[in-house]
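Here is what each chain is made of, one letter per residue.
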Amino acid sequence: MERRTGRERGFGWRLLPLAILAIILLVRPASALDDGDCLGCHNDPDMTSEKNGEEISLFVDEAQFAASSHASNGCTSCHTDAKVKGDEHPVPLKSVNCGKCHADVESIYRKSLHGQALAKNDPFAPYCHDCHGKHDILPASSQKSRIFILNVPATCGRCHREGSAMTKTHDIPAKNIIENYSMSMHGEGLTRKGLTVTAVCSSCHTSHNVQPHTNPESSISRQNVSKTCMKCHANIEQTHVKIVRGELWEKEPEKVPACVECHAPHKARRVLYEDSMNNAYCLNCHANPELKKIEADGSERSLFMDMSRFEASVHAEKRIACVKCHVNMDHTKNPVCQGSGKVDCAICHAGQTDNYNASIHGQLAAKGDRNAPLCTDCHGKHEVQARTNPESPTFARNVPELCGKCHREGEKAALRYTGPEKDIVRHYKESIHGKGLAESGLMVSATCTSCHTAHLILPEKDPQSTVNRANVLNTCATCHLGIAETFKTSIHSELVSKTDKKLPLCHDCHTSHAIRRVDVPAFRLLILEECGTCHASETETYFDTYHGKASLLSGGEKTAKCSDCHGDHDILPAYYTKSRLSRQNVVETCRTCHPNSNRKFTGYLTHATHHDKEKYPYLYYTFWAMSSLLIGTFAFFGVHTLFWIPRSFRERFKRRRQHSHERFFE
């Protein structure tokens, strides 16, 4: 027997793995295609196919696919019919069924506007890959994803941009959606400021359950749009507390305007939900001039609605339907408006109504006072105009006449007023405010509502009143802010002068309604009288001075008055550095009228009086010394004269007798 060498035995062992591998390869079944097999063909950019007569690319970018969310799933997880044994798969492959893995999303999509369009074989119906892509699908958090928040408008705009094939072939009620969105607050936040928290298409319309607003289940239907908005605007009730009565959001949402009826979701466009009872429905009855209602007391009240007046109103401009004001319509009644009650303006004007209820007007109305003005007395009914409309009774130029209907002398409000102000409307019209408004056409001039407010009108004694002494400075400051700030630094301000005495305010010097220009002679002549109300002694001493005597002799309008030296709103005692009469400023103050003034000139004691021993002792004692000297002199020589007169007569008689005697004896 031939013995094999060790080298020969080692060579045999080395061939054993190859033999086993060959056996495995020969006996294994045909395996399914893997990603490598797929990309072996589809990695070719020129690989195409034909579908419905059009050439389509079958190229798959290997790098994009590797970076996609589905890279780990493999090609055959979506293209299930490609999972075949062997090297070839059926051609063409079936459409990918995303619902296999995303069943819940597909269920929602099938019920959506997009899904319904797909079921009708609408060629423009979007499917999953139109929004998410095919082999380059990325998560929504990826900035490269088509559904990343910054990219959503562009993704939706591929179909919804004005002028696209879809918008040309479909009746889309909204126009220029993408363009308007880009100009809206949401769009500007997204495109200009890069805010990823701002609302995009899917924020309101949802991603997959896109429904028309007429569908009650839609996220933008009347019933749901507020909830949709509140996903971002959580404090919607608190934010609108001055506009909409808060409790209506919860209790009677049908009475409250939907968000998009006031806020255009796509800029320059307002969404109005069609009601079954539109204006035309109401006019079926109310267009009849003979339509009347018999009141409980037997009187008649016209229910005629002049549509021409309404169409010129601000409500018509904002497309507010009849039933927005006349709520509580009931289909079970005939007519549907039977017993609907009065219009509640607070539904849309909550803040104004709250103020009105707290005002003296509202308090009187609550007491049933027939003279109390209501909303319609100032704003009208169906012809309500915006206050910016020159034809509106609440337009600034028309406000005095509007208020004068009740507050003019002799009218109902003036008759019940017992305060010191009389003939208010006439005085206002003659004031600088009234003339500025009526004669100069200055719409910034103060009117009644500028001081008393439009709705929260309260008596002057009420601490909440804008014309209460505690608030009047702030009220004037709304127009005269600079003056008010200066006044607060003066000795007349309670911030500077700590005293229990009454300090003057704006209306103490300028009056409330008969306010005049300060640079006219009539006002200058009143300065001493106004200042003398509080500074009587200083006013008296003024007339002892050269200025005072010149004022009395010349009529006074050109001579220096209190404000010329002390200032008007910036009055401070002379010991304040900022005072016009301080050592630092007094020369310049005097030079206003006396250009050659110097330090010596300003030593003149303006208000010096010999009556004030405490303030001017030298002058006091000098006056009395000189007066005593004068009186003593006159008294001495007066007495001397009195004694001298009888003696003078005696001497005269004596000389006369002596002369007569001498002539007799001669």
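Residues numbered from 1 in each chain as written. Predicted model: local features only at pLDDT ≥ 70, side-chain atom pairs only at ≥ 80, totals over all residues. Heavy atoms only, no water.

A few words on helix H36 (residues 617-665). The terminal C-alpha atoms of H36 lie 70 Å apart, and with 49 residues this matches the ideal 72 Å at 1.5 Å per residue to within 8%. At Trp-644, H36 shows its largest bend, some 25°, and a proline, Pro-646, comes one to four positions later. (Helix = DSSP H or I, 4+ residues; strand = E, 2+ residues; numbered from the N terminus. Expected span 1.5 Å × (residues − 1). Bend = angle between axes of the 7 residues up to and from the residue.)

On to the confidence of the model for the protein chain, then. For the protein chain, mean pLDDT is 86; residues scoring 70 or higher make up 91% of the total. Every residue in residues 1-11 is under pLDDT 50, and counting partners more than four places away or in other chains gives one contact. Residue range residues 24-30 is modelled with pLDDT below 50. Its contacts to residues more than four positions away, or to other chains, number two contacts. (pLDDT = per-residue confidence, 0-100. Contact = heavy atoms within 4.5 Å.)

Listed as buried for helix H7 (residues 152-160) are Val-152, Pro-153, Thr-155 and Gly-157. Lining the buried residues of H7 we find helix H6 (128-132), helix H9 (177-183), helix H10 (185-191) and helix H11 (201-205). (Buried < 20%, exposed > 50% of the residue type's maximum accessible area, 1.4 Å probe, protein only.)

Structurally, Thr-198 can be placed in the loop between H10 and H11. What makes Thr-198 buried here is its relative accessible area of 10%. Engagement of the side chain of Thr-198 in a polar contact is seen with the backbone oxygen of His-186, the distance being 3.1 Å. Setting aside residues no more than four positions away along its own chain, Thr-198 makes contact with Ile-149, His-186, Gly-189, Leu-190 and Ser-203. (Polar contact = N/O pair within 3.5 Å; in protein donor to acceptor, adjacent residues only side chain to side chain.)

In this section: the nonpolar core. Residues Phe-148, Ile-149, Val-152, Tyr-181, Leu-190, Val-200 and Cys-201 constitute the largest nonpolar core, which totals seven residues. Residues within four places of Val-200 in sequence aside, it is in contact with Ile-149, Val-152, Pro-153, Tyr-181 and Leu-190. (Core = buried A, V, L, I, M, F, W, Y, C linked by side-chain atoms within 4.5 Å.)

Along the chain, Pro-373 falls in the loop between helix H21 (360-366) and helix H22 (375-379). Pro-373 sits in the buried class, given a relative accessible area of 14%. On a C-alpha basis, the gap between Pro-373 and Gly-362 in space is 7.9 Å, while along the polypeptide they are 11 residues apart. With residues up to four places along the chain from it excluded, the contact list for Pro-373 reads Tyr-356 and His-361.

Once that is clear, we can look at the packing of aromatic side chains. Counting across every chain of the model gives eight aromatic pairs. With centroids separated by 5.7 Å and ring planes inclined at 70°, the aromatic side chains of Tyr-109 and Tyr-127 adopt a geometry described as edge-to-face. Highlighted residues: Tyr-109 in helix H4 (residues 103-111) and Tyr-127 in the loop between helix H5 (113-119) and H6, separated in sequence by 18 residues. With relative accessibility at 7%, the residue Tyr-109 sits in the buried group. (Phe/Tyr/Trp six-rings, centres within 6.5 Å; stacked < 30°, edge-to-face > 60°.)

For the rest of this paragraph, the subject is the side chain of His-361. Residue position: His-361 is located in helix H21. The residues contacting His-361, other than those within four sequence positions of it, are Tyr-356, Ala-372, Pro-373, His-407 and Ile-457.

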